[in-house]
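Now for the letters of each chain:
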Amino acid sequence: MTTQFSVADIELSLSRYPANQVSNLQAWDAADEHLIKHLKEIEQPKANTAVVNDSFGALCTALTSSEADWPIWVETDAKTSQLGTLHNFSANGLSYTNLAWLNSRELPPKCIALVLMKLPKNLNYFVHQLQRLSQSLAPDTPVYIGAKTKAINKTLLETITKHLGPATASLAWKKTRVITCIADGKPRALPKEVSWPVKEFNLTISNLSNVFAANKLDIGARIMLDNLPEGQFDTIVDLGCGNGILGLRAKQCYPNAQVHFVDDSEMAITSAKQNWQANKLDDPEQPQPQGHFHWDDCLTHLGDEVKPDLVLCNPPFHQGEAITDHIAWQMFLDAYHRLRPGGMLQVVGNRHLGYHVKLKRIFKNCTTAAANGKFVILRAIKSPQGADK
Ligand SMILES: C[S@@+](CC[C@H](N)C(=O)[O-])C[C@H]1O[C@@H](n2cnc3c(N)ncnc32)[C@H](O)[C@@H]1O
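Conventions we followed
- Residues numbered from 1 in each chain as written.
- Predicted model: local features only at pLDDT ≥ 70, side-chain atom pairs only at ≥ 80, totals over all residues.
- Heavy atoms only, no water.
- Helix = DSSP H or I, 4+ residues; strand = E, 2+ residues; numbered from the N terminus.
- Rg over C-alpha atoms; globule rule 2.2 N^0.38 Å.
- Buried < 20%, exposed > 50% of the residue type's maximum accessible area, 1.4 Å probe, protein only.
- Contact = heavy atoms within 4.5 Å.
- Areas by Shrake-Rupley, 256 points an atom, 1.4 Å probe, with all protein chains shown as cover.
- Near = heavy atom within 4 Å.
- Polar contact = N/O pair within 3.5 Å; in protein donor to acceptor, adjacent residues only side chain to side chain.
- Nonpolar A, V, L, I, M, F, W, Y, C, P; charged D, E, K, R; others polar.
- Expected span 1.5 Å × (residues − 1).
- Phe/Tyr/Trp six-rings, centres within 6.5 Å; stacked < 30°, edge-to-face > 60°.
- Lys NZ or Arg CZ within 6 Å of the ring centre and 35° of its normal.
- 1 Å grid on protein atoms, 1.4 Å probe; cavity = no way out; pocket = protein on both sides within 12 Å on 5 of 7 lines; lining within 4 Å.
- Points joined across faces, edges and corners; volume = space filled by probe spheres on them.
- Domains from an automatic or database assignment.

> Before we go on, may I ask you to explain the overall build of the protein chain in this structure?
Scanning the protein chain for helices and strands turns up ten helices and 20 strands. For the protein chain, the C-alpha radius of gyration of 22 Å lies close to 21 Å, the compact-globule estimate for 389 residues. Each principal axis of the C-alpha distribution contributes one length, and for the protein chain these read about 65 × 45 × 45 Å. Counting across all 389 residues of the protein chain, residues that qualify as buried make up 54%. For the protein chain, contacts bridging at least 24 residues in sequence account for 70% of all contacts bridging at least 6. Accessible surface for the protein chain amounts to roughly 17300 Å². Of this, 53% is attributable to carbon and sulfur atoms.

So this is what it looks like as structure tokens:
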């Protein structure tokens with residue numbers, strides 16, 4: 001795997017986050033290179049810059065390596081992207097005192113004079129980002145959006161024009177283009193929240209724009225909900241919680257439980273928290289709230305005092321554009337290490353992903369609790385001795 005980023009006289013060593021992941025994926029793509037090359041060609045001077053959707057900090061490190069005090073507001077929804085950016089700054093001997101962080105719901109400050117953006121996979125989220133930018137950017141602010149040529153078409157340019165200002169695409173370079181949009185200074189309304197009922201469980205779910213399964217229950221989540229384990233559990237982790245549906249239902253089934261929701265997406269954690277509150281899942285008889293919300297990469301920063309006896313997991317099989325099973329691996333390993341002896345990890349997955357092989361390797365056991373043509377529900381138990389063998 002290449003780690004040497006070399007564009008427009010800028011040389012950096014960049015890795016994805018976590019750097020030791022079992023994947024062969026690069027930390028940047030040709031659209032990042034194209035954006036930096038474009039800035040060099042137009043001789044862009046240092047300016048208050050918003051960098052949006054920078055996967056692992058290639059854009060921020062490149063700007064900072066050209067001018068150490070380039071003022072950058074970094075907008076990201078992914079914890080792995082924030083951690084990866086910080087890691088790549090350190091790895092290249094750069095100080096990150098020029099960075100300010102924005103989550104994917106905050107409005108960028110009015111002082112922004114330049115925006116660098118990567119086109120995200122989720123177009124609803126992209127529209128939401130454009131609408132938020134429209135609320136902050138002064139007329140004539142340039143917004144450069146890097147994307148693969150195959151993702152750019154007339155409809156996309158019209159969408160950008162509609163939600164932010166007129167947009168045109170550059171010539172192709174390494175199968176990418178840079179779209180130039182000039183903000184028209186007219187603020188657009190933000191999207192309304194989407195919510196829908198899951199009638200059979202008496203739950204109402206809402207999703208922010210970058211949350212998995214936009215306005216319906218995922219099929220994998222549905223099978224998981226129909227096959228939650230019997231018994232009592234007192235500390236439950238919903239790992240990769242999305243809108244929190246698994247943890248919300250778990251609280252209904254195991255009413256005395258503390259439920260920890262964990263997701264890489266800040267919008268997912270916010271949606272899970274809103275759904276917990278909207279469905280009134282805290283037991284008012286108990287002295288403290290029982291829902292806990294963690295924006296994190298798997299269980300990396302979960303407090304040592306949290307020792308779950310049940311982890312529920314519907315793992316992702318991609319990171320951004322890249323198809324990968326390294327996150328599922330990390331989720332299973334983290335669950336194994338965090339579970340108390342005798343605790344259970346229950347996973348749902350597409351049958352062909354072969355998660356049972358991974359679970360057997362880690363836990364030395366795995367049973368199939370349910371299956372249909374496409375999905376399997378797998379259970380693995382941490383040995384009561386807690387031994388690693
Ligand atoms: C297949 S979705 C499952 C969502 C929800 N649990 C459900 O069943 O509908 C996988 C979730 O994992 C999250 N995720 C991806 N990478 C992660 C990571 N490194 N750490 C924590 N969560 C992650 C995604 O943001 C997404 O919400």
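> Explain the site of the ligand here, please?
Around the ligand sit 18 residues, and of these Gly240, Asp263, Asp297, Cys298 and Asn314 come closest. Take Gly242: an N or O atom from its main chain is 3.5 Å from an oxygen atom of the ligand. Between the ligand and Asp297 there is a distance of 2.8 Å, counted from a nitrogen atom to a side-chain nitrogen or oxygen. Starting from 600 Å² of accessible surface for the ligand in isolation, the protein chains cover 91%. Mapped by element, the contributors of at least two residues to the shell around the ligand are α7 (245-253) and α9 (326-338). Each residue belonging to the shell around the ligand can be placed in one class, and the counts come to ten nonpolar, four polar and four charged.

> I tried to follow helix α4 (residues 123-136) on my own but got confused; where do I start?
Residues spaced three or four apart along an α-helix face the same direction, because each turn holds 3.6 residues. An ideal rise of 1.5 Å per residue puts 20 Å on 14 residues; α4 measures up with 20 Å between its terminal C-alpha atoms. Burial analysis of α4 places eleven of its 14 residues in the buried class, the great majority of the element. Buried within α4 we find Tyr125, Phe126, Val127, His128, Gln129, Leu130, Gln131, Arg132, Leu133, Ser134 and Ser136. For α4, the secondary structure elements touched by its buried residues are β3 (49-52), β4 (72-75), β6 (114-118), β7 (142-148), α5 (154-163) and α8 (266-278).

> Would you mind showing me how to read helix α3 (residues 79-91) here?
Helix length check: α3 (13 residues) gives 18 Å between terminal C-alpha atoms against 18 Å at 1.5 Å per residue, within 8%. Those residues of α3 not exposed but buried are Lys79, Thr80, Ser81, Gln82, Leu83, Gly84, Thr85, Asn88 and Phe89. For α3, the secondary structure elements touched by its buried residues are β2 (10-13), α2 (58-66), β5 (99-102), β14 (291-295) and β16 (318-319).

> Is there a simple way to explain the packing of aromatic side chains in this structure?
The geometry of two aromatic rings is summed up by the distance between their centres and the angle between their planes. For the structure on display, the rule yields eight aromatic pairs. Relative to Trp28, the ring of Phe5 lies with its centre 5.4 Å away and its plane at 80 degrees, an arrangement referred to as edge-to-face. Of this pair, Phe5 sits in strand β1 (residues 4-7) while Trp28 is found in the loop between β2 and α1 (30-41), placing the two residues 23 residues apart along the sequence. Pair check on accessibility: Phe5 and Trp28 agree, each one buried. Where Phe261 meets Phe293, the ring centres are 4.9 Å apart and the plane angle is 5 degrees; that geometry is what we call stacked. Residue Phe261 is located in strand β13 (residues 258-263), and its partner Phe293 is located in strand β14; the two are separated by 32 residues in the primary sequence. Among the residues examined, Phe261 registers a relative accessible area of 0% and is labelled buried. Among the aromatic side chains, those forming a connected cluster through ring pairs are Phe261, Trp276 and Phe293. In this arrangement the basic side chain of Lys382 is found over the ring face of Tyr336, its NZ or CZ atom lying 5.0 Å from the centre.

> Explanation requested: the layout of surface pockets in the structure shown.
If a probe the size of a water molecule is rolled over the atoms, the empty space left behind becomes visible. When its volume is computed, the second largest pocket comes out at roughly 340 Å³. Considering the residues around the second largest pocket, the lining is formed by 15 residues, among which Pro191, Lys192, Val194, Asn207 and Ser209 are closest to the centre. Of all the elements, α4 adds the most residues to the lining of the second largest pocket, at four residues. Residue composition of the lining of the second largest pocket, grouped by class: six nonpolar, seven polar and two charged. Counting the residues that make up the lining of the second largest pocket, at least three belong to each of domain 1 (4-182) and domain 2 (194-381).

> Help me out: how do you make sense of empty space enclosed by the protein in this one?
Per the stated rule, a full pass over the model turns up one cavity of 30 Å³ or more. Taken as a whole, the largest cavity encloses approximately 30 Å³ of empty space. What lines the largest cavity is simply Gly349, Asn350, Arg351, Gly354, Tyr355, His356, Val376 and Leu378. Listed by contribution, the elements that provide at least two residues to the lining of the largest cavity are β18 (344-350), α10 (355-363) and β20 (375-381). Partitioning the lining of the largest cavity into residue classes produces three nonpolar, four polar and one charged.

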